[in-house]
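Each chain, written out:
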Amino acid sequence: MTAQRHLSPALALAVAAGGIGLFSVMDAFMKSLVLAIGVYNALLWRTMLSAAIGGVAWRAGGGRRIGRRALRLHLVRGTLTTAMALLFFWGLARLPMTQAIALTYIAPLIALLLGAWLLDEKVGARVVGASLAALVGVAVIVAGQARMALGPDALTGAGAILLSAILYAANLIVARLQSQAAAPREIAFVQSAITASLLLCAAPWLAVLPPADEWWKIALAALLATGSLFLLGWAYAHGEAGFLATTEYTSFVYAALLGWAVFGEPVAPTTLAGAAIIVAACLFAARRRPVPQGALEAAA
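Note that the structure is predicted; figures quoted are calculated from it, not measured. (Residues numbered from 1 in each chain as written. Predicted model: local features only at pLDDT ≥ 70, side-chain atom pairs only at ≥ 80, totals over all residues. Heavy atoms only, no water.)

Student: In this structure, what is going on with the overall build of the chain? I would like to understand it.
Tutor: Each helix and strand counted, the chain has 15 helices and zero strands in total. Within the chain, the fraction of its 300 residues that count as buried is 51%. Across the chain, the fraction of contacts at a sequence separation of at least 24, relative to all contacts at a separation of at least 6, is 90%. Of the roughly 13,500 Å² of accessible surface on the chain, 71% is carried by carbon and sulfur atoms. (Helix = DSSP H or I, 4+ residues; strand = E, 2+ residues; numbered from the N terminus. Buried < 20%, exposed > 50% of the residue type's maximum accessible area, 1.4 Å probe, protein only. Contact = heavy atoms within 4.5 Å. Areas by Shrake-Rupley, 256 points an atom, 1.4 Å probe, with all protein chains shown as cover.)

Shown next, in the form of structure tokens:
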């Protein structure tokens, strides 16, 4: 524990930003896979490979016995992640990457509200006002989306992204609790294994072997997802959740570049405006509001 106190917060921030970067590149691969083989099969095969890769890394690092508290948190986060990922990638296939990512930025605000409910944190006028401002940002993005004529599935895709963001907010709280109870290698492996196990329940009806030319994308997506979970697990174990949450916003830059380069997606002015409103609202609400260590331990 003494060694952790001497680590620079900037290092934890840089590692978290790297984790977000890997996840953003993985999003691009997953969007391509969802368009080719569907959301269920894209997520199933990627997660199974991620679990295998994570299992090797976990065993190589010692593979100690999983504690009861850690296992409970793994199960909660794995269940949240499964539903969150299905909704997110289904929506991502129906929206430009920048719009999808911008809509997820309401998650930190929702996390603050959930923190008040689950961790007994106070919610003042700052959070209420920021929440209303974020809703304005969401409305700006959705209004711009309607004018772009993206197709009949665009609105339902936006709804799926927003539902995924709600689950992601809960995931942020569990991630901080989880990082205090388990090592990054364990988190990367067990979370993928739980998600894969849940998805396999529907395999007799939905699973299809992907075409040979899609496997390299699945393998790269699995490596990127595992690396991202490892980096974020390490970062959240060495930095405050409120401080590190700001790295989430770097994903908009990645989404804009990847959406344009890979899928030829332009960035709408309304998307930029809406994202700016949401990000400003989140930063305003989170200012000087670190998650108390004692509250986290009590909630666990």
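Student: Help me out: how do you make sense of helix α9 (residues 184-200) in this one?
Tutor: Side chains three or four residues apart in an α-helix point the same way, a direct result of the helix having 3.6 residues per turn. Taking 1.5 Å of rise per residue, 17 residues should cover 24 Å, and α9 covers 24 Å from first to last C-alpha, within 8% of that figure. Most of α9 sits inside the fold, with twelve of its 17 residues counted as buried. Those residues of α9 that are buried lie in contact with α3 (39-60), α4 (68-92), α8 (154-181), α10 (203-206) and α11 (215-238). (Expected span 1.5 Å × (residues − 1).)

Student: Honestly, the pattern of salt bridges in this entry has me stumped. Any pointers?
Tutor: A side chain with one charge may pair with a side chain of the opposite charge, provided their charged atoms come close. By the definition in use, this model includes two salt bridges. A salt bridge links lysine 31 to glutamate 265; the nearest nitrogen and oxygen atoms lie 2.4 Å apart. Of this pair, lysine 31 sits in helix α2 (residues 9-37) while glutamate 265 sits in the loop between α13 (251-263) and α14 (269-286), placing them 234 residues apart in sequence. An identical accessibility class is assigned to lysine 31 and glutamate 265; each is buried. Note that glutamate 214 and lysine 217 form a salt bridge whose closest N and O atoms lie 3.4 Å from each other. What makes glutamate 214 buried here is its relative accessible area of 9%. Looking at lysine 217, the relative accessible area reads 16%, which means it is buried. (Salt bridge = Lys/Arg side-chain N within 4 Å of Asp/Glu carboxyl O.)

Student: Just checking my understanding: could you explain the side chain of glutamate 186 for this structure?
Tutor: In this fold, glutamate 186 is placed in helix α9. Using a relative accessible area of 3% as the deciding quantity, one classes glutamate 186 as buried. Among the polar contacts listed, one links the side chain of glutamate 186 to the side chain of histidine 74, at a separation of 2.8 Å. Here glutamate 186 is in contact with Trp58, Arg64, Ile66, Ala70, His74 and Gln191, once residues within four sequence places are set aside. (Polar contact = N/O pair within 3.5 Å; in protein donor to acceptor, adjacent residues only side chain to side chain.)

Student: Help me understand a nonpolar patch on the surface in this model?
Tutor: On the surface, Trp216, Leu220 and Leu223 cluster together into a nonpolar patch covering about 310 Å² of accessible area. With respect to the helices and strands, leucine 220 occurs in helix α11. Given a relative accessible area of 34%, leucine 220 falls into the partly exposed group. (Patch = residues over 30% accessible without salt bridge, like charges linked within 9 Å, V, L, I, M, F, W, Y side chains within 5 Å.)

Student: Looking at this structure, how should I read the environment of alanine 51?
Tutor: On the secondary structure map, alanine 51 appears in helix α3. As a C-alpha pair, alanine 51 and threonine 195 span 144 residues in sequence and 8.8 Å in three-dimensional space. Sequence-distant contacts of alanine 51, defined by excluding residues within four places in its chain, comprise Phe189, Ser192 and Ala193.

Student: Honestly, the nonpolar core in this entry has me stumped. Any pointers?
Tutor: Soluble, globular proteins show a tendency: their nonpolar side chains are buried together. Within the largest apolar cluster, 65 residues are counted, with the highest numbers of intra-cluster contacts made by Met26, Met30, Phe89, Leu95, Leu103 and Tyr105. The greatest single-element share of this core, amounting to eleven residues, is contributed by α2. Among all residues touching methionine 26, those that are not within four sequence positions of it are Arg46, Phe89, Ala221, Leu224 and Ala225. (Core = buried A, V, L, I, M, F, W, Y, C linked by side-chain atoms within 4.5 Å.)

Student: Explain the side chain of glutamine 178 here, please?
Tutor: Note on placement: glutamine 178 falls in helix α8. Within the structure, glutamine 178 has its side chain in polar contact with the side chain of histidine 74 (distance 2.9 Å). Of the polar contacts made by the side chain of glutamine 178, one reaches the side chain of arginine 77; its length is 2.6 Å. Residues within four places of glutamine 178 in sequence aside, it is in contact with Leu73, His74, Arg77, Ile187 and Gln191.

Student: Got a minute to help me understand the environment of alanine 188 in this structure?
Tutor: For alanine 188, the location among the structural elements is in helix α9. Sequence-distant contacts of alanine 188, defined by excluding residues within four places in its chain, comprise Thr226, Leu229 and Phe230.

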